[in-house]
Amino acid sequence: MRKRPQAASAVPPPSATEPTHEEIKTVNNFHLRSAQRSGFVWTVLLALFMYRSWGVYYYQYDSMPPPLSSEQAGKRGFSEIAAMEHVKALTQLGPHPVGSDALDRAVQYVLAEAENIKKTAHWEVDVEVDFFNAKSGANRLVSGVFKGRTLIYSDLKHVVVRFTPKYASEAAENAILVSSHIDTVFAAEGAGDCSSCVAVMLELARATSQWAHGFKNALIFLFNTGEEEGLNGAHSFITQHPWSTTIRMAIDLEAMGIGGKSSIFQAGPDPWAIETFASVAKYPSGQIIAQDFFSSGAITSSTDFQIYKEIAGLSGLDFAYTDRSAVYHTKNDKLDLLKSGSLQHLGENMLAFLLQSASSSHLPGSNAVEEEGKTDHESAVFFDILGTYMILYRQRFGNLLHKSVIMQSLLIWAASLVMGGYPAAVSLALSCLSAILMWVFSISFSVLIAFILPQISSSPVPYVASPWLVVGLFAAPAFLGALTGQHLGYIILKTYLAKVYSKRKQLSPDIQAELIKLEAERWLFKAGFVQWFILLVMGNYYKIGSSYLALVWLAPPASAYGLLEATLTPARLPRPLKLATLLMGLAIPILISAGNFIRLAVTVVAILVRIDGNPGGTPEWLGSVIVAVVISIFICLTLVYLLSYIHLSGAKRPIVLATCVLFSLSLILVLSGTVPPFTEDTSRAVNVVHVVDATGKFGAKPEPSSYIALFSSTPGKLTKEVEQMKEGFICGQDKVVDFVTLSMEYGCLTYDDTEGGWSQSDIPTIHANYESKVDERITQVSIDTKDSVRWSLAINAEEIEDFTFKDDSGELVPRDKKSSMDGWFIIQYSGGKNAPTMFDLNLFWVKNSTRSSQNVDRNSKEEHLLLKLRTDFDRLTPRVENVLSKLPSWCSLFGKSTSPQTLSFLNSLPVNY
């Protein structure tokens, strides 16, 4: 009788003479090499991973097209050289905020250039130039950074240019809006934000004026003012200009830095615009990950695109420059730092897009489309590869694709666990434990450094001017933590596998030890699948567009593993993972996402310059902790596969040593001051404000208290700055100043020589008149802001249920349901030089309030405020001018809509007025 073949799981007993670890061992026709990998090979793999990641980042974000002259671009092309002349002219005016003479000159410059374009346009193109002076208006948004605020404006001037073909008058009823803003904050000349955008629009207008005779839709270029004070320019145009009713799609150009590639960071809701852009753009740049990041509120900012989408219900695209984001709204937003090729990149992309869109007969929102009933606003997932190609698909397709991969993954895992039985299930759980430990140790190590850094460094964020320092300060500890955590999981997994293999008596201890290492390595590699699988499931469930990254990091490595490593025979002995598996599996993920991860980390570092909305109100370690956590997340997400290869190599000790050396060198550079935390080109954001406080809270003096306040939205004390200036500042947490829209929780004050540069006539006045009705109490308040056309008012929402507001043009804010912020209704006002300064408020008290009865104690000394008012002047008093002259070169004034200007007056009205 023929003997039955031995089962695949059976292994012959070891030979009498055991081979060495370096010899090839034959076990039941399976060739098993020593479970050892060259440390040099692993080090090369790590270096290759880092080099490819940086290469992807460079080609995706730093490689720029060559600037073209007017002669090279031709009459119908885009010339950066010509556009730069506009940037130079606008920046030479200096800062030009709303209400300034400089802004009037900037608007007149744009108007003159628009008239020149009209003169040189193609003879079959009808060019209309409108100098639009917007009346008073009120803007209340339901989301974004201005949520809960009432934004009021008056006397805003815009330049509007419309192109239509002369012999197709119907084109005027379907228009594409291209918009940006001329105004800047008071602290910046605005080369990036947004003179560069205005310059691109002027050059685009010149070029499209030679094409518009073939258009089927009109083009409207809006050069607005008031964006920096609450998106007021866009709101006034959309609500007041007669052409606004013809707009079907809006394109907004913005800057959150200076230069670089202008990328799409918001698109939709209708995907038509992004689909058209992807099909025609020469250098497509856009990431839905930026859209998700922005919409999440992680970046506290808003653009005019919010007005077009929220107020007007339009779809479109939002572009932004994001290079050197740390210069945003500071003196360093200057022409010298504008990278060559930046305007050419945006201009060529926009020109191709506008020519295609304006020639289309199916513009989203147009009458033709509405008649056909095409109202599909399904969102799109989009991302570019190396700034050369753009991948785009509808969210519905993405959901189907994600669900397909999820189901296949579940089936494969279920089959594997069924075939592997209980040991496979436990091994999977322990491999997941290794991933958890990797995350815990990585975040813990880097966050620990983030907590220590403010205690030993002169600045809590000493790496802002040199972002590469975070590689040594945070990435190195995060890498060591990830390696430590995964190695601990590796040891636990080996311990369990040793128990499983101990039952196989036919295997020698030496062979068992080798097999245990190899199998543990495979389980660690597969833990990366589980990690990205969970993220894919969560992203798909919450319909997050960026979940395509989870798909990219799951499918290619899993496919490479299935092709080169997997087997349908569960009893087959494990072998060392092939290097080809890693190279093949990570090629696509690195290509698609490495640049985005690096860019996001650099952006987070830059944002730290302005992270503290209430200066001194957040812990000093918070900024570094955020950076540490972000970097740890990126390391754990991207290195999970690569780290699984290190445990069988001789590279652990050299890599750990090299990482420690890198961390030590970075720390030495910081502590020694060799690399300063801020430089003249990357400044610390500060505010210097001459405050005249007429609230009486400071010493209860009948006369107003006058002082200079110095504070910073960048984490850290102002000790070094104060010591250098020697201007008598006293700093501390007890120097709290309420600026209505923000609170200075930590700052420096000086009262010396602060009586000049202002007068009693500048102090705003508040007069209240009590009026009672049968069923409610109403207080009428008159406010005179004197010559100030930029002010902020807070109304106590605990006492006041609602309010109305009017100026000399009539009622701007009716009585309705309003949202409050931290117990206050906030009104922010900004206007041109001719804006009114006299206003009336009607305050409707909360019913049954303990303070709303007629028998209030008007003699009470309790400081419970009903109204808080701050008026601003863009004026330098002698004391402020002296302080600014001594301000260190690494500091810069910082401006935003809520910031006080260099001279501010405070007044208030108590509840018991």
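Positions within a chain are numbered from 1, following the residues in the order the chain's sequence is written. Reporting of local features is limited, given that this is a predicted model, to residues whose pLDDT is at least 70; pairs of side-chain atoms are given and counted only at 80 or more, and all residues count toward the totals for whole chains, interfaces and linings. Heavy atoms from the whole structure form the basis of all side-chain values; hydrogens and water molecules are not counted.

Draft legend 1. View of the overall build of the chain. Numbered from the N terminus, helices here are DSSP runs of H or I no shorter than four residues, and strands are runs of E no shorter than two. On a plain count of helices and strands, the chain comes out with 21 helices and 29 strands. Atoms counted for the radius of gyration: C-alpha only. Globule rule: 2.2 Å times residue count to the power 0.38. Computed over C-alpha atoms, the radius of gyration of the chain comes to 32 Å, within 12% of the 29 Å expected from 2.2 N^0.38 for 913 residues, which places it in the range of a compact globule. Taking the principal axes of its C-alpha atoms as reference, the chain extends roughly 115 × 70 × 60 Å. Classification of residues uses two cut-offs on accessible area relative to the type maximum, computed with a 1.4 Å probe and protein chains only: under 20% is buried, over 50% is exposed, and between them is partly exposed. Within the span of the chain, comprising 913 residues, buried residues form 58% of the whole. In this description, accessible areas are obtained by the Shrake-Rupley approach with a 1.4 Å probe, and a residue is regarded as covered only by the protein chains that are shown. Counting only carbon and sulfur atoms, one obtains 58% of the accessible surface of the chain, whose full area is about 36,600 Å². All tallies of charge rest on Lys and Arg as positive and Asp and Glu as negative; His and the ends of each chain are not included. Here the site of a charge means NZ on Lys, CZ on Arg, CG on Asp, or CD on Glu. Side-chain charges of the chain comprise 76 positive and 85 negative groups, with the mean position of each set lying 12 Å from the other.

Draft legend 2. Local environment of the state of the cysteines. By disulfide we mean two sulfur atoms from cysteines, separated by a distance within 2.5 Å. All chains considered together, the criterion is met by two disulfides. In this model, Cys731 is linked to Cys748 through a disulfide, with the two sulfur atoms separated by 1.9 Å. Linking Cys731 and Cys748, the disulfide has an S-S dihedral of approximately 100 degrees and is accordingly described as right-handed. Taken together, the residues Cys731 in strand 16 (residues 730–732) and Cys748 in strand 19 (residues 747–750) connect sequence positions 17 residues apart.

Draft legend 3. Seen up close, the environment of His647. By the secondary structure assignment, His647 is in the loop between helix 18 (640–643) and helix 19 (652–672). The class for His647 is buried, based on a relative accessible area of 5%. Within the structure, His647 has its side chain in polar contact with the side chain of His487 (distance 3.1 Å). Identification of polar contacts relies on pairs of N or O atoms within 3.5 Å, with a donor-acceptor requirement for protein atoms, meaning one able to donate a hydrogen and the other able to accept it, and with residues adjacent in sequence counted only if both atoms are side-chain atoms.

Draft legend 4. Representation of the side chain of His329 within the structure. Residue position: His329 is located in the loop between strand 11 (315–321) and helix 10 (342–358). Of the polar contacts made by the side chain of His329, one reaches the side chain of Asp193; its length is 3.0 Å. Sequence-distant contacts of His329, defined by excluding residues within four places in its chain, comprise Val185, Ala187, Ala188, Asp193, Glu228, Leu893, Phe894, Gly895 and Lys896. In what follows, a contact means two residues having at least one pair of non-hydrogen atoms within 4.5 Å.

Draft legend 5. Broad picture of the nonpolar core. Counting residues in hydrophobic clusters, the biggest one holds 214 residues, and the most contacted among them are Phe221, Tyr463 and Phe474. Ranked by the residues each element gives to this core, the list is headed by helix 13 (residues 469–501), at 15 residues. For Phe474, the contacting residues outside a window of four places in its chain are Ser446, Ile449, Ala450, Leu453, Tyr463, Ser624, Val627, Ala628 and Ile631. Nonpolar cores were defined as sets of buried Ala, Val, Leu, Ile, Met, Phe, Trp, Tyr and Cys residues, with membership established by side-chain atoms within 4.5 Å.

Draft legend 6. A look at helix 14 (residues 509–541). Working rule for helices: expected span equals 1.5 Å times residues minus one. Given a rise of 1.5 Å per residue, 33 residues ought to cover 48 Å, and the 47 Å separating the end C-alpha atoms of helix 14 matches this to within 8%. Most of helix 14 is tucked away: 24 of the 33 residues are buried. Just downstream of helix 14 lies Lys543, where phi reads positive at about 55 degrees.

Draft legend 7. Expanded view of the sheet that holds strand 9 (residues 247–255). Here, strands pair whenever DSSP counts at least two bridges between them. Spatially, seven strands are ordered 3-6-8-7-9-11-10 in an open sheet, and the strand pairing comes out mixed. Edge strands, defined here as strands with exactly one partner in the open sheet, are strand 3 (125–134) and strand 10 (263–268). Shown here is a sheet whose adjacent strand axes are inclined to one another by a mean of 15 degrees, direction ignored. When strand 10 meets strand 11, the two strands line up antiparallel, connected through five bridges. For Gly268, the partnering residue across the bridge sits in strand 11 and is Gly316. Think of each axis as a best-fit line through the C-alpha atoms, taken over the contacting stretch in the case of a helix, with angles from 0 to 180 degrees between the N-to-C directions.

Draft legend 8. Here's a closer look at unusual backbone geometry. Cis geometry is adopted by the peptide bond preceding Cys194, which originates at Asp193 and carries an omega value of 0 degrees. Residue placement: Cys194 occurs in helix 5 (residues 191–208). The amide bond that connects Gly268 to the next residue, Pro269, takes the cis arrangement and shows omega of 5 degrees. Here the phi dihedral of His329 falls at roughly 65 degrees; this positive angle occurs in a residue that is not glycine. Not every positive phi belongs to a glycine, and Lys543 is a case in point at roughly 55 degrees. With respect to the secondary-structure elements, Lys543 resides in the loop between helix 14 and helix 15 (548–564). A residue is classified by how much of its surface remains accessible, and Lys543, at 55% relative accessible area, is exposed.

Draft legend 9. Focus on the packing of helix 4 (residues 101–120) against helix 5. At their nearest, the axes of helix 4 and helix 5 sit 9 Å apart, and the two run at 15 degrees to each other. The orientation of helix 4 relative to helix 5 falls into the category roughly parallel. The interaxial crossing formed by helix 4 with helix 5 has right-handed handedness. Between helix 4 and helix 5, the residues in contact are Val110, Glu113 and Ile117 and Val198, Leu202, Ala205 and Arg206, respectively. When grouped by side-chain class, the residues that make up the contact of helix 4 with helix 5 number five nonpolar, no polar and two charged. Throughout this description, any angle smaller than 35 degrees is read as roughly parallel, any larger than 145 degrees as roughly antiparallel, any in the 65 to 115 degree range as roughly perpendicular, and the remainder as oblique. Note: crossing handedness is left-handed where the near helix turns anticlockwise from the far helix by less than a right angle, and right-handed where it turns clockwise. Under the scheme applied, nonpolar residues are Ala, Val, Leu, Ile, Met, Phe, Trp, Tyr, Cys and Pro; charged residues are Asp, Glu, Lys and Arg; polar residues are all the others, including Gly.

Draft legend 10. Local environment of a nonpolar patch on the surface. Residues form patches when they are more than 30% accessible in relative terms and have no salt bridge. Like charges link within 9 Å. Nonpolar side chains (Val, Leu, Ile, Met, Phe, Trp, Tyr) link within 5 Å. Should a side-chain nitrogen of Lys or Arg be within 4 Å of a carboxyl oxygen of Asp or Glu, the pair is scored as a salt bridge. A contiguous nonpolar patch, built from Leu448, Phe451, Ile452, Ile456, Trp621 and Leu671 and spanning about 510 Å² of accessible area, is present on the exposed surface. Here the element with the most residues in the nonpolar patch is helix 12 (residues 395–456); it accounts for four residues. Along the chain, Leu671 falls in helix 19. The class of Leu671 is partly exposed, set by a relative accessible area of 45%.

Draft legend 11. Up close: the pattern of salt bridges. Under the criterion given, the structure shown has 30 salt bridges. Between Asp62 and Lys339 there is a salt bridge; the shortest N-O distance is 3.4 Å. Of this pair, Asp62 sits in helix 1 (residues 39–62) while Lys339 is found in the loop between strand 11 and helix 10, placing the two residues 277 residues apart along the sequence. Glu348 is the salt-bridge partner of Lys282, the closest N and O atoms lying 3.3 Å from each other. You can see Lys282 sitting in the loop between helix 7 (272–280) and helix 8 (288–295) and its partner Glu348 sitting in helix 10, a full 66 residues away along the chain. One continuous salt-bridge network, built from bridges that share partners, spans Asp62, Asp323, Lys339 and Arg599.

Draft legend 12. The arrangement of the pairing of strand 24 (residues 810–813) in detail. Pairing of strand 23 (residues 800–807) with strand 24, which is carried by three bridges, proceeds in the antiparallel orientation. Its bridge partner being in strand 24, Phe805 is matched across the sheet by Val813. Count of turn residues in the strand 23/strand 24 antiparallel hairpin: two residues.

Draft legend 13. Highlighting the packing of aromatic side chains. Pairing of aromatic side chains here covers Phe, Tyr and the six-membered ring of Trp, requires ring centres within 6.5 Å, and sorts the geometry by plane angle: under 30 degrees stacked, over 60 edge-to-face, intermediate tilted. Considering all chains together, one arrives at 31 aromatic pairs under this definition. Between Phe383 and Tyr548 the ring centres are 4.0 Å apart and the planes differ by 0 degrees, which places this aromatic pair in the stacked class. Taken together, the residues Phe383 in strand 12 (residues 380–385) and Tyr548 in helix 15 connect sequence positions 165 residues apart. By the burial criterion, Phe383 is buried, and Tyr548 matches it. Through pairs of rings, three or more aromatic residues link up here, namely Phe525, Phe529, Tyr561, Tyr641 and Tyr645. Two thresholds decide whether a charge sits over a ring: the Lys NZ or Arg CZ must be within 6 Å of the ring centre and within 35 degrees of the ring normal. Above the plane of the ring of Tyr746 lies Lys717, whose end atom (NZ or CZ) is 4.4 Å from the centre. Taking NZ or CZ as reference, Lys720 lies 5.0 Å from the ring centre of Trp890, over its face.

Draft legend 14. Broad picture of the confidence of the model for the chain. The pLDDT score gives, residue by residue, the confidence of the prediction method on a 0 to 100 scale. Summarising the model, the chain shows a mean pLDDT of 91, and 92% of its residues fall at 70 or more. Per-residue pLDDT stays below 50 along residues 367–375; that stretch engages in eight contacts with residues further than four places along the chain or on separate chains.

Draft legend 15. How the structure looks around helix 17 (residues 622–638). In this model helix 17 runs 24 Å from its N-terminal to its C-terminal C-alpha over 17 residues, within 8% of the 24 Å that 1.5 Å per residue would give. Buried residues dominate helix 17, accounting for 13 of its 17 residues.

Draft legend 16. Structural view of the environment of Val464. Structurally, Val464 is set in the loop between helix 12 and helix 13. The class for Val464 is buried, based on a relative accessible area of 4%. With 441 residues separating them in the primary sequence, Val464 and Phe905 have C-alpha atoms 33 Å apart. Filtering out sequence-adjacent residues up to four positions away, Val464 remains in contact with Ala326, Val605, Leu608, Val609, Pro677, Phe678 and Thr682.

Draft legend 17. Focus on the packing of helix 3 (residues 80–91) against helix 4. In the contact formed by helix 3 and helix 4, the axes pass within 10 Å of each other and the chain directions differ by 155 degrees. Our classification of the angle between helix 3 and helix 4 gives roughly antiparallel. In the packing of helix 3 onto helix 4, the handedness of the crossing is right-handed. Contacts between helix 3 and helix 4 involve Glu85, His86, Ala89 and Leu90 from the first element and Ala106, Tyr109 and Glu113 from the second. A breakdown of the residues in the contact of helix 3 with helix 4 according to their chemical character gives four nonpolar, one polar and two charged.

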